[in-house]
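Breakdown of the fold
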Amino acid sequence: MNLTPAHLPDMLKVFETLPDLYVLLTPDLLILTASNAYLEATVTTRNTIAGKYIFDVFPETSLHLQAEAVSMLKASFVQTLTTRKPHQLAIPPYTISHPEEKDMFIERHWTALNTPVLDEAGEVSYIIHKMGTITDRLVDQMNEQPGESLLEELNEQLRTLNAALIAARAQAELERSQWHHILMQAPAMICIFQGPEHVFKLVNPPYQQLVGQRPLLDKPIRHAMPELEGQPIFGLLDKVYHTGESFYAYEMKVQLDHDNTGKLGHNYYNFIYQAIRNLNGDIDGILVFAYEVTALVLARQKAEQDAKEKQLLNEQLTSTNEQLILTKKALEQLNAELEERVALRTGELRLAQAEAEEQRARLERLFMQAPAIICIHDGPDLVFELVSPAYQQLFPGRELLGKPLLEALPELEGQPLLDIIRQVYQTGQSYQGQEMLVPIAAYPGGPVEDRYWNFTYQARRDAEGRIDGLLVFSYDVTAQVLSHKAVVKQETYFRKMADQVPAMIWVTRADGYCTYLNKPWYAYTGQSEEEALGFGWLQATHPEDVSPSKETFFAANALKQPFSLLYRLKGKDGQYRWFLDKGEPTFDAACNFEGFIGSVVDVHEEQVAQQRLHLSVQAGKVGIWEWDIVRNQATYSDLLQEMFGLEAGRFTGEFDHAYQVFQQVIHPEDRPLVNGHVEKAFANRQAEFYVEFRIVRPTGEIAWIAERGEVIFDEKGPTRMNGTCIDITSRKLAEQATQRMSEEIAAANEELRAANEQIQATNEELAETNQQLVGINQDLDNFIYTASHDLKAPISNIEALLSALLRNLSAENFSSERVKHMLALMSESIERFKRTIANLTEVVKLQKENSGEKVLVDLLPVIREVSLDLEPLIKETNAHIEVEVTGCPPVRFSIKNLRSVIYNLLSNGLKYRSFDRAPHITISCKQEAAYLVLSVEDNGLGLERARLNQLFTMFKRFHDHVEGTGIGLYMVKKMVENAGGKIEVNSQLGLGSTFRVYFPH
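Keep in mind the model is a prediction, meaning the values are calculated, not measured. (Residues numbered from 1 in each chain as written. Predicted model: local features only at pLDDT ≥ 70, side-chain atom pairs only at ≥ 80, totals over all residues. Heavy atoms only, no water.)

**What about the overall build of the protein chain?**
Counting its regular elements, the protein chain contains 30 helices and 32 strands. Within the protein chain, the fraction of its 1001 residues that count as buried is 41%. Of the roughly 56,800 Å² of accessible surface on the protein chain, 54% is carried by carbon and sulfur atoms. (Helix = DSSP H or I, 4+ residues; strand = E, 2+ residues; numbered from the N terminus. Buried < 20%, exposed > 50% of the residue type's maximum accessible area, 1.4 Å probe, protein only. Areas by Shrake-Rupley, 256 points an atom, 1.4 Å probe, with all protein chains shown as cover.)

**Comments concerning the packing of helix 27 (residues 859-869) against helix 29 (residues 895-911)**
Packed helices, taken two at a time, are described by the angle their axes make and the gap between the axes. With their axes 10 Å apart at the nearest point, helix 27 and helix 29 run at an angle of 50 degrees to one another. Judged by the angle between their axes, helix 27 and helix 29 are oblique. Handedness of the crossing formed by helix 27 with helix 29: right-handed. Of the residues in helix 29, those touching helix 27 at Leu859, Val862, Ile863, Glu865, Val866, Ser867 and Asp869 are Leu898, Arg899, Ile902, Tyr903 and Leu906. Of the residues in the contact of helix 27 with helix 29, the class split is 8 nonpolar, 1 polar and 3 charged. (Axes fitted to C-alpha atoms, helices over the stretch in contact; angles between N-to-C directions. Parallel < 35°, antiparallel > 145°, perpendicular 65-115°, else oblique. Left-handed = near helix turned anticlockwise from the far one by under 90°. Contact = heavy atoms within 4.5 Å. Nonpolar A, V, L, I, M, F, W, Y, C, P; charged D, E, K, R; others polar.)

**Topic: the sheet that holds strand 10 (residues 283-292)**
Sheet architecture is open: 5 strands sit in the order 7-6-10-9-8, paired in antiparallel fashion. Strands with a single pairing partner mark the edges of an open sheet, and in this sheet they are strand 7 (199-203) and strand 8 (247-254). The mean angle between the axes of side-by-side strands here comes to 30 degrees, regardless of whether they run parallel or antiparallel. Inspection of the sheet shows strand 9 (residues 267-277) paired to strand 10 by 9 bridges, in the antiparallel sense. Along strand 10, the bridge assignment pairs tyrosine 273 with valine 288. The sheet strands contacting helix 10 (residues 233-243) are strand 6 (189-194), strand 8, strand 9 and strand 10, and the helix crosses strand 10 at an angle near 135 degrees. (Pairing = 2+ DSSP bridges.)

**A word on the side chain of serine 76**
If you trace the backbone, serine 76 turns up in helix 5 (residues 64-83). On the basis of relative accessible area, serine 76 is assigned to the buried category, the value being 1%.

**Concerning unusual backbone geometry**
One non-glycine residue, leucine 29, lies in positive phi territory at about 65 degrees. Relative to the elements of secondary structure, leucine 29 occurs in the loop between strand 1 (21-25) and strand 2 (31-34). Residue class for leucine 29 comes out buried when judged on its relative accessible area of 10%.

**With respect to the sheet that holds strand 29 (residues 920-928)**
The sheet built from 5 strands is open, its strands ordered 27-29-30-32-31 with mixed pairing. The sheet is open, and its two borders are formed by strand 27 (880-884) and strand 31 (982-988), each paired with just one other strand. With strand direction ignored, the average angle separating the axes of adjacent strands in the sheet is 15 degrees. In the sheet, strand 31 pairs with strand 32 (residues 992-1000) via 7 bridges, with the strands oriented antiparallel. Counterpart to asparagine 986 in the pairing with strand 32 is threonine 994.

**Details of the packing of aromatic side chains**
Inspection of every chain in the model, using the stated rule, returns 33 aromatic pairs. Considering the side-chain rings of phenylalanine 193 and phenylalanine 200, the 4.7 Å spacing of their centres and the 55 degrees angle between planes classify their relative orientation as tilted. Using a relative accessible area of 0% as the deciding quantity, one classes phenylalanine 200 as buried. Geometrically, the ring pair formed by tyrosine 636 and phenylalanine 651 is edge-to-face, given 6.3 Å between the ring centres and 65 degrees between the ring planes. Taken together, the residues span a long stretch of sequence, with tyrosine 636 in strand 22 (residues 633-636) and phenylalanine 651 in the loop between helix 21 (638-643) and helix 22 (656-665) at a distance of 15 residues. The same class applies to tyrosine 636 and to phenylalanine 651, which are both buried. Positioned above the aromatic ring of tryptophan 704 is the side chain of lysine 732, whose terminal nitrogen or guanidinium carbon lies 4.6 Å from the ring centre. Positioned above the aromatic ring of tyrosine 998, the side-chain terminus of lysine 982 is 4.7 Å from the ring centre. (Phe/Tyr/Trp six-rings, centres within 6.5 Å; stacked < 30°, edge-to-face > 60°. Lys NZ or Arg CZ within 6 Å of the ring centre and 35° of its normal.)

**Points about the pairing of strand 21 (residues 622-628)**
Strand 21 sits mainly inside the fold: 6 of its 7 residues count as buried. Note that strand 21 and strand 25 (residues 718-727) share 7 bridges and pair antiparallel. Looking at the pairing, valine 622 lines up with isoleucine 726 of strand 25. In the sheet, strand 21 pairs with strand 22 via 4 bridges, with the strands oriented antiparallel. Bridge assignment links tryptophan 625 to a residue of strand 22, and that residue is tyrosine 636. Joining the antiparallel neighbours strand 21 and strand 22 is a turn of 4 residues, in which asparagine 632 adopts a positive phi near 55 degrees.

**Quick look at a nonpolar patch on the surface**
Among the surface-exposed residues, Tyr513, Phe535 and Phe554 lie close enough to one another that they form a single nonpolar patch of about 240 Å² accessible area. Residue placement: phenylalanine 554 occurs in helix 19 (residues 543-559). (Patch = residues over 30% accessible without salt bridge, like charges linked within 9 Å, V, L, I, M, F, W, Y side chains within 5 Å. Salt bridge = Lys/Arg side-chain N within 4 Å of Asp/Glu carboxyl O.)

**A word on the nonpolar core**
Judged by nonpolar contacts, the single largest core of 41 residues is most densely connected at Leu859, Leu898, Ile923, Leu934, Phe995 and Val997. Listing elements by their share of this core, those giving two or more residues are helix 27, strand 28 (891-894), helix 29, strand 29, strand 30 (931-937), helix 30 (968-978), strand 31 and strand 32. Not counting chain neighbours up to four residues away, the residues in contact with phenylalanine 995 comprise Leu905, Leu934, Ser935, Val936, Leu951, Phe952, Leu969, Ile983, Glu984 and Val985. By size, the runner-up hydrophobic cluster in this structure holds 31 residues, among which are Cys191, Leu210, Val254 and Val288. (Core = buried A, V, L, I, M, F, W, Y, C linked by side-chain atoms within 4.5 Å.)

**Structural notes on the environment of phenylalanine 473**
Relative to the helices and strands, phenylalanine 473 resides in strand 15 (residues 467-476). Owing to a relative accessible area of 29%, phenylalanine 473 belongs among the partly exposed residues under this scheme. With 100 residues separating them in the primary sequence, phenylalanine 473 and isoleucine 373 have C-alpha atoms 5.8 Å apart.

**Brief notes about the confidence of the model for the protein chain**
Model confidence for the protein chain is summarised by a mean pLDDT of 79, while 74% of its residues fall at 70 or above. Counting interchain partners and residues more than four positions distant, the pLDDT-below-50 stretch residues 1-7 has 11 contacts. (pLDDT = per-residue confidence, 0-100.)

**Brief notes about the state of the cysteines**
Disulfide: a covalent bond formed between the sulfur atoms of two cysteine residues. If you walk through the whole model with that rule in mind, you get 1 disulfide. The partner cysteine of cysteine 888 in its disulfide is cysteine 925, sulfur to sulfur 1.1 Å. On the sign convention where negative means left-handed, the S-S torsion of about 60 degrees between cysteine 888 and cysteine 925 marks this disulfide as right-handed. Here the residue cysteine 888 occupies a position in the loop between strand 27 and strand 28, and cysteine 925 occupies one in strand 29, the gap between them amounting to 37 residues. Given a relative accessible area of 15%, cysteine 925 falls into the buried group. (Disulfide = S-S within 2.5 Å.)

**What about helix 22?**
Ala658, Val661, Phe662, Gln663 and Val665 are the residues of helix 22 that are buried. In the core, the buried residues of helix 22 are packed alongside strand 22, helix 21, helix 23 (671-683) and strand 23 (688-696).

**Digging into the packing of helix 29 against helix 30**
As a packed pair, helix 29 and helix 30 sit with axes 10 Å apart at the nearest point and diverge in direction by 145 degrees. As helix 29 runs across helix 30, the sense of the crossing is left-handed. Of the residues in helix 30, those in contact with Asn897, Ser900, Val901, Asn904, Leu905 and Asn908 of helix 29 are Gly968, Leu969, Val972, Met975 and Val976. For the contact of helix 29 with helix 30, the class distribution of residues is 6 nonpolar, 5 polar and no charged.

**Digging into the pattern of salt bridges**
Pairing between side chains becomes possible if they bear opposite charge and their charged atoms approach one another. All told, the structure shown has 36 salt bridges when counted by the stated rule. The partner of arginine 577 in a salt bridge is aspartate 602, with the nearest N and O atoms 2.9 Å apart. Placement of the pair is arginine 577 in strand 19 (residues 576-587) and aspartate 602 in strand 20 (residues 593-602), with a sequence separation of 25 residues. Note on arginine 577: relative accessible area 24%, which makes it partly exposed. On the basis of relative accessible area, aspartate 602 is assigned to the partly exposed category, the value being 33%. A salt bridge links glutamate 692 to arginine 731, with the nearest nitrogen and oxygen atoms 2.6 Å apart. Of the two residues, glutamate 692 sits in strand 23 while arginine 731 sits in helix 24 (residues 729-808), which places them 39 residues apart along the sequence. Overall, arginine 731 belongs to the partly exposed group, its relative accessible area being 27%. Counted as one network, the salt bridges with shared partners bring together Glu544, Asp545, Arg568, Glu688 and Arg708.

**What to know about the side chain of asparagine 557**
Within the secondary structure, asparagine 557 is located in helix 19. Taking relative accessible area as the criterion, asparagine 557 reaches 8% and is therefore assigned buried. Polar side-chain contacts of asparagine 557 include one of 2.9 Å to the backbone oxygen of alanine 510. (Polar contact = N/O pair within 3.5 Å; in protein donor to acceptor, adjacent residues only side chain to side chain.)

**Some thoughts on the environment of isoleucine 31**
Examined against the element boundaries, isoleucine 31 turns out to sit in strand 2. Once the C-alpha coordinates of isoleucine 31 and lysine 52 are considered, the two residues, 21 residues apart in sequence, prove to be 5.5 Å apart.

If you want it as structure tokens, here you go:
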């Protein structure tokens, strides 16, 4: 039977390697394990005794003395279990088997100490059975001192030996406890795996924080962290276990489910896998030491990305400048061509004035239809000249038009709003009000109600620039203001409640800005609100904790994830205490991130107890040193000596000589800094110090070291110092590289600012030129409109003359084939002329206005209406129309224009069908970035790629077997672009075409 309970202590290996004779027993006296020294002394092996009853392993025999020894030991076990206190005894001789001669026995004389291990309830969980052999000493003394004197001396030696054994046991237990605390309180992530399945046997808190509350102990890593499947970790552990070769990882990405939500993180770590061997030299576990370097990796990656973006931006600026130069030359040439035409058409300005009047009337209609509250006051009495329907609806029982303001709304007398209105009229300076209280009555003599408004008052000027009225744009925001006041009231209640909580409570905005701290914060720190709010809490944070605190907080704020932060806060008495800060993100009803709410709890006593332990272990690339100031003895780990470029094991106990050697390795410029921190810690009775400095190794290599030390004092002064050192050269080099990159980026930004100023000047020139072109285009549009209008009458006359000619032709002349042909050509020419004039008129109308109000329109009903209009053509061509727009949201577009777009695209798919197959047209839609994309795909004739750029040109046609004007797709393109969208086409000759219309959200 091989008994290995799951609840055995994690430090079982330490117990088995103790130098004395130990056996660990259950309360039922079953052997759990034994020290190697015990196995050697009793000539047994661990496998043969583990899990067995101790008196089955060492039974009674017929020998009287041996039976007496067993009885005495049983009695001692009973006393230990009953009293729950240690019990020691000397045992008579007990024989054991000879290791080499099968039938021979060896007589041994023993001493025994039984020590109970109690649980939290005071019950015995284990018994530590310690044996001592005094056989050799007894033999020697028996040869020299016979009789009672020999027995008395032996008893005295047994008492002395038992006392020494008790002290040794206590010292061994203390050493085991100290090393366990070192591992559990180290700032690095440490765990111990056991066996080929890599079962977690020890996990310190930083390692546990990798996966939150997920249980790890006594579980194989493949079961405890299944998300590592497919990552290198399992293979690396297997390799270290089977080969014994340590593995060092540098900035390796390891993806874990940190919050146990199924979402994997993207963090980077430096870590070491080191095999653990038993006394036989066999590998039975792996020690893991790790620390996170995500921030360092991301900083370096960002620096590299910034460099790439800088290079790309320079290339884009060069290309943009070249395009601007070409555009400017093209505009100058076009301007020269148009100036001559503008000079010939100045007489047409009167038509432009008429158009301006129409524009004014249209603007008035727009005001009257606007959902905003709009009105126009005329003259110093502020007579209502125009009132929008939305404005009039506020006062359903009052007449406003034609009345002065105070006559129509007398309750405004004495209100601040009236002074504002008069000031705008007198000075001409516009005024914008936000959430302003203006009490008004909806009906004459009705109750005055508090209403809140956002509004703009703007002076109106006549042709000579004098103020002759006011324009008013306003919105009723009463509901929003009342809602905000309710929120403020709730927040006030929350703050009063939070001030009564014994813990410190805080609240931040989405940008991390602290907006609230409760009274316990101010009571402890002594800060005022002005000092603490915003980011003032960092002023109360220990200088050494400011940087990591900021990094942790802002990282969590960016990820909108909970965080936990340990740091020191300065009290109003000037002393620092340790606090645990935990924050949770908050979101509004629409799941928008609003910030954090958190609490700060005093954990000073717990943290101080933890920090008095060692800060690292040798296997984790952390050098450890310890100085017993009273005895002037020092110990230095091998890794520390190697870190300073010295031979491992060179210094084993002396302090003075080792101190001088280490001082010589420290960079001369940094020695005062290092010594100053130590002297300050001694002088101020400061428990801790931290310093970063350079060293010059004997090879001449310069490296950066981060040292953290702890000073222990008694009433007389310092008694002991402990410390750790870490090589931070990589981090320092990365910081220097980042600084250089920042300086280069700053210089590049300065160059970009200069280039932007040049581009701005060029843009201003282009804007002026474009303004001139807009006026010219308006003149051209007016000319086309006039020409189409004036040509209608002559064409009508020609058409009437042709009808009269047909009536007056004799039957003989009318029967002539030549006459018929000529008359047909004339009729066809007149029809083409009329269609051309109509198309020109439509083009001008399209360019002057957006052809209809934009509203939310569902695609499916419009497609069905168009399909009904085209139903005869669909049946004639035996076409199949497939519509897949059920899940598409509505588009904001003119209903008339949307129908025209779908009609043109669908009818083109039917008209320009293939001669070899029936038409198949698919209409579908999808979301794409800021657009809703409507696709119309057909299997018709298609076009060559070279002709696609001419497809949307006015009057352009590529097929003559179907009647058309060549203006449909031009109109579609104009309507879509006027609405802020675009249209694209892909086509293959003989296969078909796909049109994609992009409607903006």
